Amino acid sequence: MILLDNISLKPFNTFHIDVSARYFCEFNSTEDVKQVLSEKKFTDTPILVLGGGSNLLFTKNYDGLVLKNTLKGISLDKEDADYYYVKAGSGEVWNDFVMYCLSHNYAGVENMSLIPGSVGAGPLQNIGAYGVELKDVFYELEALHIKEGTLKKFSNAECKFGYRESVFKQELKGQFIITSVTFRMSKRPLLKTSYGAIEKELDAMGVKERNIKAISQAVINIRTGKLPDPAKIGNAGSFFKNPEISGETFQKLKQRYPGMVAYPLDNGRVKLAAGWIIEMCGWKGKTIGDAGVHRDQALVLVNYGKASGREIYDLSREILDSVNQKFGLTLEREVNVY
Ligand code: FAD
Ligand code: NAP
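Thresholds, definitions, all that
Residues numbered from 1 in each chain as written. Chains lettered and ligands numbered in written order. Predicted model: local features only at pLDDT ≥ 70, side-chain atom pairs only at ≥ 80, totals over all residues. Heavy atoms only, no water. Near = heavy atom within 4 Å. Polar contact = N/O pair within 3.5 Å; in protein donor to acceptor, adjacent residues only side chain to side chain. Areas by Shrake-Rupley, 256 points an atom, 1.4 Å probe, with all protein chains shown as cover. Helix = DSSP H or I, 4+ residues; strand = E, 2+ residues; numbered from the N terminus. Nonpolar A, V, L, I, M, F, W, Y, C, P; charged D, E, K, R; others polar. Domains from an automatic or database assignment. Contact = heavy atoms within 4.5 Å. Buried area = accessible area lost by both parts, 1.4 Å probe. Salt bridge = Lys/Arg side-chain N within 4 Å of Asp/Glu carboxyl O. Core = buried A, V, L, I, M, F, W, Y, C linked by side-chain atoms within 4.5 Å. Buried < 20%, exposed > 50% of the residue type's maximum accessible area, 1.4 Å probe, protein only. Pairing = 2+ DSSP bridges. Axes fitted to C-alpha atoms, helices over the stretch in contact; angles between N-to-C directions.

Asker: Before we go on, may I ask you to explain the site of ligand 2 in this structure?
Answerer: Among the 17 residues in the neighbourhood of ligand 2, the closest are listed as Arg164, Tyr195, Lys226, Lys271 and Gln297. At 2.7 Å from an oxygen atom of ligand 2 is found a side-chain nitrogen or oxygen belonging to Lys226. In the environment of ligand 2, an oxygen atom lies 2.8 Å from a nitrogen or oxygen atom belonging to the backbone of Ser238. Relative to its unbound accessible surface of 790 Å², ligand 2 loses 80% to contact with the protein. Those elements that place two or more of their residues in the shell around ligand 2 are strand E8 (128-129), helix H5 (212-226) and strand E13 (234-238). Within the shell around ligand 2, the residues separate by chemical class into six nonpolar, six polar and five charged. When residues are assigned to domains, the shell around ligand 2 turns out to be shared by domain 2 (74-186) and domain 3 (234-337), each giving three or more.

Listed below in structure tokens is the structure:
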């Protein structure tokens, strides 16, 4: 394990923000990371665990230790009549894990194909796409307590998963490094094609028999046709969360904005499409310097070249203000800001 000083983080975040880390170190075993954390000079140093850097925005140099996760390994832990229990090292690339599952006919993650980033960051915001969330296939995870150096297991309930939320973004924020995640993969696939675009794409592909591989391919086709590729244009996916509001507030808004895009939830609340709201405020396709709002998807903020993290953050603040003024709604950032 090599400890580096003053390293540029530009290659390690999908916004391509050029800031530096005071200390930087890659780890590929729990023992490695325990050892580095036990060093005296890091006792009071801020620690940042880095996966693929696809859900964060650096607004300044990181004056602490960045731990780049390369913990690998995927294995079948056990199986019962209905499920395979598959354990993945947290530094595995999420989409590699999805492809592994497809090749073994383990069902449940196909709708989440091509989400960027690492397995270990998945539980943090309970990643989700096309009607499936990580919590739907989650069994347990193991995490290292940064200060105490001890390993702890977390069950589904203990993770307190919510919409793009978990205990690791709330009360346990910054306290644990997730080292592995075990998934409960179905032996009998329950295919989910309720997000309209999937059915449409399957038809366009000429797929007659729906199966997990076809769904994965449909999702990949939709995503590559719609979302900006971070390798070409810096971005971190959706910058804001879709807000959930009461049915009553929705009815009032709907009277003023009949075209409002909304989805009813099981609990009587309503989820609004934040992309539509931002578009209605006139932001779609706008740029301020090199920071911009993507021309096809207003939920995605982009770095067209040399934008600083601060400029992207300031743009996000302007968007929040105008949404609040026009709709009386408070959007929340999904991206982790440092
Ligand atoms: P990073 O950006 O490296 O880290 C994110 C946060 O998690 C940081 O606070 C970091 O410290 C923490 N963290 C990372 N690893 C660990 C660990 N092992 N232990 C503890 N904390 C950790 N998200 C969705 O939910 N659905 C989507 O469909 C989706 N689509 C996207 C499309 C694009 C083009 C992009 C760029 C992003 C998209 N995202 C989506 C967001 C992002 O891919 C996910 O949030 C992903 O899980 C981030 O993984 P990462 O490894 O890159 O995390
Ligand atoms: P979209 O299909 O244009 O839909 C816009 C929004 O409406 C989505 O955010 C989605 O909410 C919601 N939605 C659409 N159909 C729905 C249905 N049948 N039932 C309930 N809600 C529905 O969205 P998109 O931007 O192309 O993204 C497609 C999927 O990929 C979404 O699930 C989205 O979350 C995911 N995605 C996430 C990120 C990220 O960074 N978090 C980035 C890109 C894509 P949900 O977001 O709640 O699903």
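Structure shown, so let's carry the discussion forward.
Asker: Would you explain the domain arrangement of the protein chain in this entry?
Answerer: The extent of an interface is frequently quoted as the accessible surface area lost upon association of the parts. Assigned domains of the protein chain: these are domain 1 (3-69), domain 2 (74-186) and domain 3 (234-337). Domain 1 and domain 2 are separated by 22 Å when their C-alpha centres are compared. The interface is formed by 14 residues belonging to domain 1 together with 14 residues belonging to domain 2. When domain 1 packs against domain 2, close to 1,000 Å² is buried across both sides, 64% of that on carbon and sulfur atoms. For the interface between domain 1 and domain 2, the tally reads zero salt bridges. Summed over the shared surface of domain 1 and domain 2, the result is three residue pairs in polar contact (both at pLDDT 80 or more). At the level of secondary structure, the elements contributing two or more residues to the side of domain 1 that touches domain 2 comprise helix H1 (30-37), strand E3 (47-50) and strand E5 (62-69). Considering each element in turn, the side of domain 1 that touches domain 2 owes the most residues, four residues, to H1.

Asker: Sorry, what's going on with the nonpolar core here?
Answerer: Note on soluble globular proteins: their nonpolar side chains tend to be buried together. Leu9, Met260, Leu272, Ile278, Ile312, Ile319 and Phe327 are the most contacted members of the largest nonpolar core, which totals 47 residues. For this core, the element with the most residues is helix H8 (residues 309-327), which contributes seven residues. Ignoring any residue separated from it by four or fewer positions in sequence, one finds Leu9 in contact with Ile17, Val19, Ser20, Ala21, Phe24, Phe58, Tyr62 and Val66. Counting residues in hydrophobic clusters, the runner-up holds 43 residues, among them Tyr84, Trp94, Ala143 and Ala214.

Asker: Is there a simple way to think about the sheet that holds strand E1 (residues 3-8) in this case?
Answerer: Backbone hydrogen bonds hold the strands of a sheet together, and the pairing may be parallel or antiparallel. Spatial ordering of the open sheet is given by E1-E2-E5-E3, a layout of four strands whose pairing is mixed. A single partner strand is all that each edge strand has here, and the edge strands are E1 and E3. Neighbouring strand axes in the sheet, compared pairwise and without regard to direction, differ in orientation by 35° on average. Sheet analysis places E1 next to strand E2 (residues 20-27), joined by five bridges and oriented antiparallel. Of the residues in E2, the one forming a bridge with Leu3 is Cys25.

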